[in-house]
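Architecture at a glance
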Amino acid sequence: MENIVLTIHLLLALGLILTVLMQRSEGGGLGIGGGGGGGGGGVMSGRSAATALSKVTWVLAIGFLITSLTLTVLATMSSSGGSVLSTGGALTPAEAEEIQLPPALEGDLLPPSNADAPAAPPAAE
């Protein structure tokens, strides 16, 4: 069920992107270049007639929101019910046995002393 809703959700998202990109620009956002708020083409002017493309955009946007909410509900229903914080991060004994530590390091791990010869670059032949 979740895969079907997710597929529909992705198709709605692609359709919404395409319909928004196909719409005609109105001269910039928030009335920039449109003469301001009181002008003929401004933001605060009368409502223009809705085109078929704007209606399709609304339908796709509403469908996108509905599928988003549906996916959220499905995800909460299929969750284990426990929180990551409620477990405290403690490992079970079986998990603790599965963890393998790296092998112990042996030998001299100290940096060379000043008495040693300095490192020289390789000689060119």
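Residues numbered from 1 in each chain as written. Predicted model: local features only at pLDDT ≥ 70, side-chain atom pairs only at ≥ 80, totals over all residues. Heavy atoms only, no water.

As for the environment of Leu60
To be explicit about the condition: Comment: elements are numbered from the N terminus, with helices defined as DSSP H or I runs of at least four residues and strands as E runs of at least two. Every residue pair with non-hydrogen atoms within 4.5 Å of one another is taken to be in contact.
Assignment of secondary structure puts Leu60 in helix H2 (residues 52-77). For the pair formed by Leu60 and Leu14, sequence separation is 46 residues and the distance between their alpha carbons is 9.6 Å. Setting aside anything within four residues of it in sequence, one finds Leu60 in contact with Leu12, Gly15, Leu16 and Thr19.

A closer look at the confidence of the model for the protein
Basically, it comes down to this: Each residue carries a pLDDT value, the predictor's own confidence for that position, ranging from 0 to 100.
For the protein, per-residue confidence averages 76 on the pLDDT scale, and residues scoring 70 or more make up 66% of the total. Here helix H3 (residues 84-87) is the element of the protein with the lowest mean pLDDT, 61, and helix H1 (residues 2-22) is the one with the highest, 94. Below a pLDDT of 50 lies the segment residues 29-39, which in the model reaches 12 contacts outside its immediate sequence neighbourhood of four places, other chains included.

With respect to H2
One turn of the α-helix equals 3.6 residues, which is why residues spaced by three or four share an orientation. We count it as follows: A helix is expected to span 1.5 Å for every residue after the first. For every residue, the accessible area obtained with a 1.4 Å probe (protein chains only) is divided by the maximum for its type, and the residue is called buried under 20%, exposed over 50%, and partly exposed between those limits.
A rise of 1.5 Å per residue sets the reference length of H2, with its 26 residues, at 38 Å; its end C-alpha atoms lie 38 Å apart and thus fit the reference within 8%. Taken together, the buried positions of H2 are occupied by Ser54, Thr57, Leu60, Gly63, Thr67, Leu71 and Leu74. Buried residues belonging to H2 abut H1.

What about the side chain of Thr19?
Rule in force here: The term polar contact refers here to a pair of N or O atoms within 3.5 Å; inside protein, the definition further demands a hydrogen-donor-capable atom paired with an acceptor-capable atom, and it admits residues adjacent in sequence only when both atoms are side-chain atoms.
Among the structural elements, Thr19 can be located in helix H1. Of the polar contacts made by the side chain of Thr19, one reaches the backbone oxygen of Leu16; its length is 3.0 Å. Contact partners of Thr19, with chain neighbours within four places excluded, come to Leu53, Val56, Thr57 and Leu60.

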